[in-house]
Amino acid sequence: MPATTVCRWLPEDPTIVEAFVSDLLVRSRVIHGRNPKTRVRFAEVGENLETAISRAGIELDLSCLRQHYRITVGQATVYTVRALDPIVQEFQDYIEREGVVYAAFNAMFEQAPPPQNEDQEKIEDYVDLMEMIDTNLTTAPSFGEGVSAMVAAVPYYGIISRFCNTPAGYNAFTHPGVNARFYRVFMAWHEYLTSTASTNVIHDGEGGWLSTAALNAMIQSAGGNPEQETFDNFFVCDTSDPHYGFKSYDELFVRELKAIHRAVVAPDATAIVNSACSSTIYQIYRNLQKTDKFWIKNTPYSLNHMLAEDDYLCLGSLDYHRWRSPVKGTVVKTRLISGATHPNPPPTYYAACLDEAPLNPDRKPDLDVISRSQDFVTAISTRALIFIQAAEPVGLMCFVGVGLGEVSTCNVVVKESQVLKKGDELGQFHFGGSTHCLIFRPGLTVTPIDQDGNDLVGSKVRVGKDILIVTPQN
């Protein structure tokens, strides 16, 4: 099964990712008291940064650090040198005491190609990496225009992507102990993103999610025309509130569409399957057997792995992140799975197919390893299974929600034996990249419905849109 990238989380141009990482790395080193160029310590934990950088002759506008500190309204703005959060410090201690992990982390920095711009700062070692992880623990994603916005939406992935694409990185990011520590990091970030402190990115200034550019982007992603419609026409919100009624970044992330903009096409047509999310169609597989193999790094993954025992869709960061039932029917069973090799948390976060570019001169290097590895990551990432006994001719089917990268929590809100109408809410994705699959039983012919004259595969579809026709095979 070929690797295909339809919906991306990182831009194709690696220099955009590298610029984002370099900028964050400079701020991260200063926050932790190290010179952004030489990496030499210039201040100790707790020291006032304004005094320290003046003494060290470092030129930096400290206002750029505000988004990384918990500064509430009315609180004096004072920046001090930070120690690693205890969770991140334990992660670093683990790397240093576990020989296999230590070797993998050191090797991946040697194997990763340097940034294309030699003047930019690059992550030199796991110390840099741990400090960047720590810096981001109190940072909610901000809005950015164009392709740079893609990196800002998944900052941890942007930081780590260069190392995912190395053999040593694959070994590091599939190690259970490493993923256990990523899990703790992301749960701490989860706590921040659900707190009121994370509303510091919900404003109408530059980089804010209520800026004109951000509001227009979210309207356009939902299928609207920003020149004719407003954010509150599309989404449930309170425009009289400074944060539009969103109490945290996560509340904005899972914002609810107004009913008219998620209306189900052909709600009573049982032979038509509707889109469960606002998403881009990635691939359709037919006649897939339980043991058909996805061979990745000489390791077979299959439908059995995906279900822990034909239609893939991918969500971007601006998309609607709630799931709605694609059929009429009854919930038979629900299950949350953390990953193919881990029956309980943690999931596997950043393992992916290695890029073929070094072996194929016709292909350009691509840092977006997870997006192009969706067949593979669907079998190893956090996922929610919702089995639905649909009205005929569909019969038993399964919705599989897959959390990719960052936190990507899968939250199921339906229960067994619950009767569903098309468009009823099934659950939500939280915090990071995501994809989902619809799996149908044997004995059916599943025909894609063209979207405005275009093939279904590769098309952006809104939630509730008709996407498939199902008929029994003779």
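Residues numbered from 1 in each chain as written. Predicted model: local features only at pLDDT ≥ 70, side-chain atom pairs only at ≥ 80, totals over all residues. Heavy atoms only, no water.

Draft legend 1. Looking closely at the overall build of the protein chain. Counting its secondary structure elements, the protein chain contains 14 helices and 16 strands. Taking all 474 residues of the protein chain together, 55% fall into the buried category. A total of about 20000 Å² of accessible surface is found on the protein chain, and carbon and sulfur atoms cover 50% of it. (Helix = DSSP H or I, 4+ residues; strand = E, 2+ residues; numbered from the N terminus. Buried < 20%, exposed > 50% of the residue type's maximum accessible area, 1.4 Å probe, protein only. Areas by Shrake-Rupley, 256 points an atom, 1.4 Å probe, with all protein chains shown as cover.)

Draft legend 2. Seen up close, the sheet that holds strand E1 (residues 272–274). Read from one edge of the open sheet, three strands run E1-E16-E14, paired in antiparallel fashion. This sheet does not close on itself; its edge strands, each paired only once, are E1 and strand E14 (444–448). Across this sheet, the average inter-strand angle for adjacent strands is 30 degrees, counted without regard to direction. Inspection of the sheet shows E1 paired to strand E16 (residues 466–472) by three bridges, in the antiparallel sense. By the bridge assignment for E16, Ile272 is matched with Ile469. (Pairing = 2+ DSSP bridges. Axes fitted to C-alpha atoms, helices over the stretch in contact; angles between N-to-C directions.)

Draft legend 3. Fine view of the pattern of salt bridges. Enumeration over the complete set of coordinates arrives at 22 salt bridges. Put simply, Glu121 and Arg29 hold a salt bridge, and the shortest N to O gap is 2.8 Å. Here the residue Glu121 occupies a position in the loop between helix H4 (99–111) and helix H5 (126–136), and Arg29 occupies one in helix H1 (residues 14–31), the gap between them amounting to 92 residues. By relative accessible area, which is 0% here, Arg29 ends up buried. (Salt bridge = Lys/Arg side-chain N within 4 Å of Asp/Glu carboxyl O.)

Draft legend 4. Looking closely at the confidence of the model for the protein chain. Taken residue by residue, the protein chain gives an average pLDDT of 84. The fraction at 70 or more is 81%. Below pLDDT 50 for its whole length, residues 1–6 participates in 18 contacts with residues either more than four positions away or in separate chains. Every residue in residues 293–301 scores below 50 in pLDDT, and together they form 23 contacts with partners more than four places removed in sequence or on other chains. (pLDDT = per-residue confidence, 0-100. Contact = heavy atoms within 4.5 Å.)

Draft legend 5. Focus on the environment of His68. Tracing the sequence through the fold places His68 in the loop between helix H2 (49–56) and helix H3 (86–97). We classify His68 as buried; its relative accessible area is 1%. Separated by 41 residues in the primary sequence, His68 and Arg27 place their C-alpha atoms 9.1 Å from one another. Not counting residues up to four positions away in its chain, the partners in contact with His68 are Leu24, Arg27, Ile31, Arg82, Thr135, Thr138 and Thr139. A polar contact of 2.7 Å, which involves the side chain of His68, links it to the side chain of Thr139. (Polar contact = N/O pair within 3.5 Å; in protein donor to acceptor, adjacent residues only side chain to side chain.)

Draft legend 6. Representation of the packing of H1 against helix H7 (residues 155–164) within the structure. Relative orientation of the contacting elements H1 and H7 amounts to 105 degrees, with a least axis distance of 10 Å. As judged from the angle between their axes, H1 and H7 are roughly perpendicular. Between H1 and H7, the contacting residues are Val17, Phe20, Val21 and Leu24 on the first element and Pro155, Gly158, Ile159 and Ser161 on the second. Residues of the contact of H1 with H7, tallied by class, amount to six nonpolar, two polar and no charged. (Parallel < 35°, antiparallel > 145°, perpendicular 65-115°, else oblique. Nonpolar A, V, L, I, M, F, W, Y, C, P; charged D, E, K, R; others polar.)

Draft legend 7. Inspection of the sheet that holds strand E6 (residues 322–324) at higher detail. Strands sit in the order E6-E12-E10 across an open sheet of three strands; the sheet is antiparallel. The open sheet has two edge strands with one neighbour each: E6 and strand E10 (409–412). Each neighbouring strand pair of the sheet contributes to a mean axis angle of 20 degrees, computed without reference to strand direction. Where E10 and strand E12 (residues 425–430) come together, four bridges link them in antiparallel fashion. By the bridge assignment, Asn411 is partnered in E12 with Gln428.

Draft legend 8. Just the side chain of Ser198, in detail. Topologically, Ser198 is positioned in the loop between helix H9 (176–193) and helix H10 (212–221). For Ser198, a relative accessible area of 0% translates into the label buried. At a separation of 3.2 Å, a polar atom in the side chain of Ser198 contacts the main-chain carbonyl oxygen of Leu193.

Draft legend 9. Representation of the nonpolar core. Phe105, Met108, Ile123, Leu129, Phe173, Phe182 and Tyr350 are the most contacted members of the largest nonpolar core, which totals 72 residues. In terms of residue count, the dominant contributor to this core is H9 (eight residues). Ranked by size, the runner-up nonpolar core spans 29 residues in total, among them Ala390, Cys410, Leu420 and Val446. (Core = buried A, V, L, I, M, F, W, Y, C linked by side-chain atoms within 4.5 Å.)

Draft legend 10. Here's a closer look at the state of the cysteines. What the rule picks out here adds up to zero disulfides. Cys437 provides the cysteine sulfur closest to Cys398, a residue in no disulfide bond, and the two sulfurs are 8.8 Å apart. Judged by its relative accessible area of 3%, Cys398 falls in the buried class. (Disulfide = S-S within 2.5 Å.)

Draft legend 11. Examining the packing of aromatic side chains more closely. Applying the stated criterion across every chain, the model contains 19 aromatic pairs. Ring geometry for Phe91 and Phe105: centres 6.4 Å apart, planes at 85 degrees, overall edge-to-face. One end of the pair, Phe91, is in helix H3; the other, Phe105, is in helix H4, with 14 residues separating them in the sequence. Judged on exposure class, the residue Phe91 and its partner Phe105 are both buried. Through a chain of ring-to-ring contacts, three or more aromatic side chains come together here, namely Phe91, Phe105, Tyr156, Phe173, Phe182, Phe186 and Trp189. (Phe/Tyr/Trp six-rings, centres within 6.5 Å; stacked < 30°, edge-to-face > 60°.)

Draft legend 12. The arrangement of the environment of Phe387 in detail. Following the sequence through the fold, Phe387 ends up in strand E8 (residues 382–390). Through-space distance from the C-alpha of Phe387 to that of Arg335 is 8.8 Å; in sequence the pair is 52 residues apart. Filtering out sequence-adjacent residues up to four positions away, Phe387 remains in contact with Thr330, Val331, Val332, Lys333, Leu396, Met397 and Cys398.

Draft legend 13. Seen up close, the environment of Ile16. Turning to its location among the elements, Ile16 is positioned in helix H1. Ile16 sits in the partly exposed class, given a relative accessible area of 22%. In this structure, the C-alpha to C-alpha distance between Ile16 and Gly158, residues 142 residues apart in sequence, is 9.8 Å.

Draft legend 14. Structural detail: H3. Look at H3: 16 Å from first C-alpha to last across twelve residues, which is about the 16 Å you get at 1.5 Å a residue. Buried within H3 we find Val88, Phe91, Gln92, Tyr94 and Ile95. The arc that holds every buried residue of H3, seen down its axis, measures 155 degrees, which confines them to one face. On its buried face, H3 sits against H4, H5 and H9. (Expected span 1.5 Å × (residues − 1). Arc of directions from axis to C-beta.)

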